[in-house]
Amino acid sequence: IILNKLLNDIADCTVCSEYLPLGQRPTLAASPSSKIVIIGQAPGLKVHKSGIPWDDKSGDRLREWMGIDNDTFYNPAKIAIIPMGFCYPGKGKSGDLPPRKECAPLWHHLLFEMMEDVKLILLVGQYAQKYYLKDRAKATLTETVRNYTEYLPEFLPIPHPSPRNNIWLKKNTWFERELVPKLEYIVKQHI
């Protein structure tokens, strides 16, 4: 019940609404029994319109990497979805703008206080990795992801599954060959 109040407070948040071109529509999911937390960037335009986290090609690829179906992915009792920025930040010159900086410091710690069964935090992309790993993050996302074992069992850093990262995936074939099977294995251990 307390978590529901917090989620309602987040839904009503207007802290950065003046900077959101389409207004606020926080998109997240959490439960006191969540085992895995996915920390992504911010909802894209499609997700802003649907109100369903990861409801796009990036989400399809993320579920594929995790080796799970939609029912498992969208079951907050198993998986919490907490982006760095809860609302669509708008369009930039080369894709969406970065997530708003207000959300994570304002809300993340309160959400984690309500989730006592978390076994793994999946850090998707550089914004989540820099925020959570702080000075433990390597100089580049590639180095951070390549050294993922340094952050286990608490964190697992991965690249963003966006189609925009297809070039990165082609250059770093080790990721899908080596890390994705480990990601699937770890996910299955916890759900």
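In short, a report on the structure. Keep in mind that this is a model prediction, so the values were computed, not measured. (Residues numbered from 1 in each chain as written. Predicted model: local features only at pLDDT ≥ 70, side-chain atom pairs only at ≥ 80, totals over all residues. Heavy atoms only, no water.)

Formed by 27 residues in total, the largest nonpolar core has its most connected members in Val 37, Ile 39, Ile 82, Phe 86, Leu 111, Met 115 and Leu 123. Counting only elements with at least two residues in this core, the list comes to α1 (2-11), β1 (36-39), α5 (103-114), β5 (120-124) and α6 (126-133). With 5 residues, α5 is the largest single contributor of residues to this core. Sequence-distant contacts of Ile 39, defined by excluding residues within four places in its chain, comprise Ile 82, Met 84, His 108, Phe 112, Ile 121, Leu 122, Leu 123, Val 124, Ala 128 and Tyr 132. (Core = buried A, V, L, I, M, F, W, Y, C linked by side-chain atoms within 4.5 Å. Buried < 20%, exposed > 50% of the residue type's maximum accessible area, 1.4 Å probe, protein only. Helix = DSSP H or I, 4+ residues; strand = E, 2+ residues; numbered from the N terminus. Contact = heavy atoms within 4.5 Å.)

Moving on, we get to the packing of aromatic side chains. Under the counting rule described, the total for this entry stands at 8 aromatic pairs. Seen from their ring centres, Phe 73 and Tyr 74 are 5.0 Å apart, and the 85 degrees between their planes marks the pair as edge-to-face. Consider the rings of Tyr 132 and Phe 155, whose centres lie 6.0 Å apart with planes at 50 degrees: the pair is tilted. With Tyr 132 in helix α6 and Phe 155 in strand β6 (residues 155-158), this pair connects stretches of sequence that are 23 residues apart. The ring of Phe 73 carries Arg 63 above its face, with NZ or CZ at 4.8 Å from the centroid. (Phe/Tyr/Trp six-rings, centres within 6.5 Å; stacked < 30°, edge-to-face > 60°. Lys NZ or Arg CZ within 6 Å of the ring centre and 35° of its normal.)

Below, the discussion takes up the sheet that holds β1. Taken together, 4 strands build an open sheet; the order of strands is β2-β1-β5-β6 and the sheet is parallel. The open sheet is flanked by β2 (79-81) and β6, the only strands paired with a single partner. Across the sheet, the mean angle separating the axes of adjacent strands is 20 degrees when strand polarity is ignored. Direction of pairing for β5 relative to β6: parallel, over a ladder of 4 bridges. By the bridge assignment, Ile 121 is partnered in β6 with Phe 155. Contacting β1, β5 and β6, α6 crosses the sheet at an angle of about 130 degrees to β5. (Pairing = 2+ DSSP bridges. Axes fitted to C-alpha atoms, helices over the stretch in contact; angles between N-to-C directions.)

A word on the packing of helix α3 (residues 57-66) against helix α9 (residues 173-190). With their axes 7 Å apart at the nearest point, α3 and α9 run at an angle of 75 degrees to one another. Classified by the angle their axes make, α3 and α9 are roughly perpendicular. Residues Glu 64, Trp 65 and Met 66 of α3 pack against Phe 175, Glu 176, Val 180, Leu 183, Glu 184, Val 187 and Lys 188 of α9. Tallied by class, residues from the contact of α3 with α9 come to 6 nonpolar, no polar and 4 charged. (Parallel < 35°, antiparallel > 145°, perpendicular 65-115°, else oblique. Nonpolar A, V, L, I, M, F, W, Y, C, P; charged D, E, K, R; others polar.)

Turning next to the packing of α1 against α5. Packing of α1 against α5 leaves a shortest axis separation of 10 Å and a crossing angle of 160 degrees. Relative to α5, the element α1 is oriented roughly antiparallel. The handedness of the crossing between α1 and α5 is left-handed. Counting all contacts with α1, which are made through Ile 2, Leu 3, Leu 6, Leu 7, Asp 9 and Ile 10, the residues of α5 involved are Trp 107, Leu 110, Leu 111 and Met 114. Taken together, the residues that form the contact of α1 with α5 break down as 9 nonpolar, no polar and 1 charged. (Left-handed = near helix turned anticlockwise from the far one by under 90°.)

Below, the discussion takes up the pairing of β5. β5 sits mainly inside the fold: 5 of its 5 residues count as buried. Where β1 lies against β5, 4 bridges are found, and the strand directions are parallel. Within β5, the position partnered with Ile 39 by the bridge is Leu 123.

Of all 10 residues in α3, 7 are buried, a share of seventy percent or more. Where α3 is concerned, the buried positions are Ser 58, Gly 59, Arg 61, Leu 62, Arg 63, Trp 65 and Met 66. The opening residue of α3, the one whose side-chain oxygen lies 3.2 Å from the backbone nitrogen of Ser 58, is Asp 56. The first or second residue beyond α3 is Gly 67, which carries a positive phi of 70 degrees. (Polar contact = N/O pair within 3.5 Å; in protein donor to acceptor, adjacent residues only side chain to side chain.)

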